[in-house]
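Observations on the three-dimensional arrangement
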Amino acid sequence: MLKPQKDDIDLETSVEIADGIYWIGFFDEQSGLHCNPYLIIDNDEAMVIDGGSRPDFATVMMKILQTGIAPNQIVALLYQHYDPDLCGSIPNFEDIIQRKDLKIISDSANLMFIRHYSVATRLLPISKINNQYTFSSGRTLQFIKTPYCHSGGSIVTFDPKSGILFTSDLFGGLGREWELHLKLGPECRECMDSKQCLQKKDNCPVNDIINFHKTVMPSRKALRYSLEKILDIPFTMIAPQHGSIISDKEIMHAVFQGLATLEEVGIDGIVNDDYAFNSGHLRERFK
Ligand SMILES: [Fe+2]
Ligand SMILES: [Fe+2]
């Protein structure tokens, strides 16, 4: 199930992607849709970001333990939207963490659904903490709303200390070939402009990113609005919940460019822009 990494990163263990920040996911070659939960360790406190699905829990927890963190050092679970691929393991985390002061943090529009996974944990809307979370050390994470990318309450999270922007489904990809860090050769960048693999490769990260956004994001308007909003954030690395981490500035630029000019996103691929509701149809139906 685990795939060896070409750049010699051992994917069977947690991988430290920045000081005290770990990738704690795994690659599921069968499904193609693997998830990237992350762990932030700040002194003796830890936060799990987009913890993962229920079947993934044993692997994710094993990777957390490998970092040397004990479950009851996890003070908060952050969910950037409410899908089961992030939230399915909430009851497992609650069972093992056993902290009365554990918090589940998200936008209130997500918590409306997340409460159906949770048994006992305090739900903390980001609006109550001024859209930021502060660890005991004073280190602060910033939450930025990316509405309808893809859920109404979707957020991304910026860690100024590491420069990492955790983006949940934004910048994700879905494919059977995978590397932890995205690499695009010059030829792939042309493919990003063309929105498809010009070499007709079976497994191409450009196709994986393009197709994922066309399927998961609801519309061009939603995607473009969020892309432009997050351009203002001084991030140096993008850590999505699916697909690969992006840390090369030129690759980041190419991916932004490709997604900002993507057509046929969500509903845009189903109905034409000039679609208008037919009132005559309605009158006819109920006459
Ligand atoms: Fe999602
Ligand atoms: Fe997802």
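Refer to the structure above for everything that follows.
Here's what I pulled together on the structure shown here.

What counts and what doesn't
- Residues numbered from 1 in each chain as written.
- Chains lettered and ligands numbered in written order.
- Predicted model: local features only at pLDDT ≥ 70, side-chain atom pairs only at ≥ 80, totals over all residues.
- Heavy atoms only, no water.
- Donors = N, O, S within 2.8 Å, 3.2 Å for Na, K, Ca; no water.
- Tetrahedral: all angles 85-135°; square planar, octahedral: opposite > 155°, others 65-115°.
- Buried < 20%, exposed > 50% of the residue type's maximum accessible area, 1.4 Å probe, protein only.
- Helix = DSSP H or I, 4+ residues; strand = E, 2+ residues; numbered from the N terminus.
- Phe/Tyr/Trp six-rings, centres within 6.5 Å; stacked < 30°, edge-to-face > 60°.
- Lys NZ or Arg CZ within 6 Å of the ring centre and 35° of its normal.
- Pairing = 2+ DSSP bridges.
- Axes fitted to C-alpha atoms, helices over the stretch in contact; angles between N-to-C directions.
- Contact = heavy atoms within 4.5 Å.
- Parallel < 35°, antiparallel > 145°, perpendicular 65-115°, else oblique.
- Left-handed = near helix turned anticlockwise from the far one by under 90°.
- Nonpolar A, V, L, I, M, F, W, Y, C, P; charged D, E, K, R; others polar.

1. Digging into the coordination of the iron ion (ligand 1)
Bound to the iron ion (ligand 1) on the protein side are His81 (NE2), Asp83 (OD), His150 (NE2) and Asp169 (OD), at distances that span 2.0 to 2.2 Å. Metal-centred angles of 85 to 163° between the 4 donor atoms at the iron ion (ligand 1) mark the site as irregular. Using a relative accessible area of 1% as the deciding quantity, one classes histidine 81 as buried.

2. What to know about unusual backbone geometry
For the peptide bond that leads from cysteine 149 to histidine 150, omega is 0°, which places it in the cis range. For histidine 150, the location among the structural elements is in the loop between β9 (140-145) and β10 (155-159). The backbone of phenylalanine 171 shows a phi angle near 70°, a positive value even though the residue is not glycine. Along the chain, phenylalanine 171 falls in the loop between β11 (164-168) and α5 (186-194). Phi at glutamate 264 is positive, roughly 55°, even though this residue is not glycine. Mapped onto the elements of the fold, glutamate 264 is located in the loop between α8 (249-260) and α9 (279-285).

3. A closer look at the packing of aromatic side chains
Enumeration according to the criterion identifies 8 aromatic pairs in this entry. Connected via pairs of aromatic rings, a cluster forms that spans Trp23, Phe27 and Trp178. Against the face of phenylalanine 286 rests arginine 285, its NZ or CZ located 5.0 Å from the ring centre.

4. Quick notes on the sheet that holds strand β12 (residues 237-240)
Taking strand neighbours across the sheet as the criterion, the 5 strands line up as β8-β9-β10-β11-β12 in an open arrangement whose pairing is mixed. The open sheet is flanked by β8 (132-134) and β12, the only strands paired with a single partner. Strand-to-strand, the axes of this sheet are offset by a mean angle of 20°, without reference to chain direction. Here β8 pairs with β9 via 3 bridges, running antiparallel. Bridging from a neighbouring strand, threonine 134 pairs with threonine 140 of β9.

5. Observations regarding the coordination of the iron ion (ligand 2)
Coordination of the iron ion (ligand 2) by the protein comes from Asp85 (OD), Asp169 (OD), Gln241 (OE1) and His242 (NE2), over a distance range of 2.1 to 2.4 Å. Read N to C, the donor residues that coordinate the iron ion (ligand 2) are spaced as D-x83-D-x71-Q-H. In this structure, the iron ion (ligand 2) lies 3.3 Å from the iron ion (ligand 1), and both are coordinated by aspartate 169. Highlighted residues: aspartate 169 in the loop between β11 and α5 and glutamine 241 in the loop between β12 and α8, separated in sequence by 72 residues. For the pair aspartate 169 and glutamine 241, a shared accessibility class is recorded, and that class is buried.

6. Things to note about the sheet that holds strand β7 (residues 122-125)
Taking strand neighbours across the sheet as the criterion, the 7 strands line up as β1-β2-β3-β4-β5-β6-β7 in an open arrangement whose pairing is mixed. Of all strands in the sheet, those bounded by a partner on one side alone are β1 (15-18) and β7. Ignoring strand direction, the axes of neighbouring strands in this sheet form an average angle of 25°. Here 4 bridges tie strand β6 (residues 103-106) to β7, and the two strands are oriented parallel to one another. Its bridge partner lying in β7, isoleucine 105 is registered against leucine 124. Its contacts with the sheet place helix α3 (residues 90-97) against β4 (45-49), β5 (74-78) and β6, and it is angled at close to 175° to β5.

7. Thoughts on the packing of helix α1 (residues 57-66) against α3
Running from amino to carboxyl end, α1 crosses α3 at an angle of 40°, the nearest separation of the two axes being 10 Å. By the criterion of interaxial angle, the relationship of α1 to α3 is oblique. In this structure, α1 meets α3 at a crossing whose hand is right-handed. When α1 is examined against α3, the residues Phe57, Val60, Met61 and Ile64 are found in contact with a partner set consisting of Asn92, Phe93 and Ile96. Taken together, the residues that form the contact of α1 with α3 break down as 6 nonpolar, 1 polar and no charged.

8. Considering the environment of isoleucine 97
For isoleucine 97, the location among the structural elements is in helix α3. For isoleucine 97, a relative accessible area of 1% translates into the label buried. Spatially, the C-alpha atom of isoleucine 97 lies 7.7 Å from that of glutamine 73, the residues being 24 residues apart in sequence. Those residues in contact with isoleucine 97 that lie beyond four places of it in its chain are Pro71, Asn72, Ile74, Leu77 and Leu102.

9. So, the environment of threonine 236
Note on placement: threonine 236 falls in the loop between α7 (220-230) and β12. Threonine 236 sits 28 residues away from aspartate 208 along the chain, and the two C-alpha atoms are 22 Å apart. Apart from the residues within four sequence positions on either side, threonine 236 is in contact with Ser162, Gly163, Ser247 and Met252.

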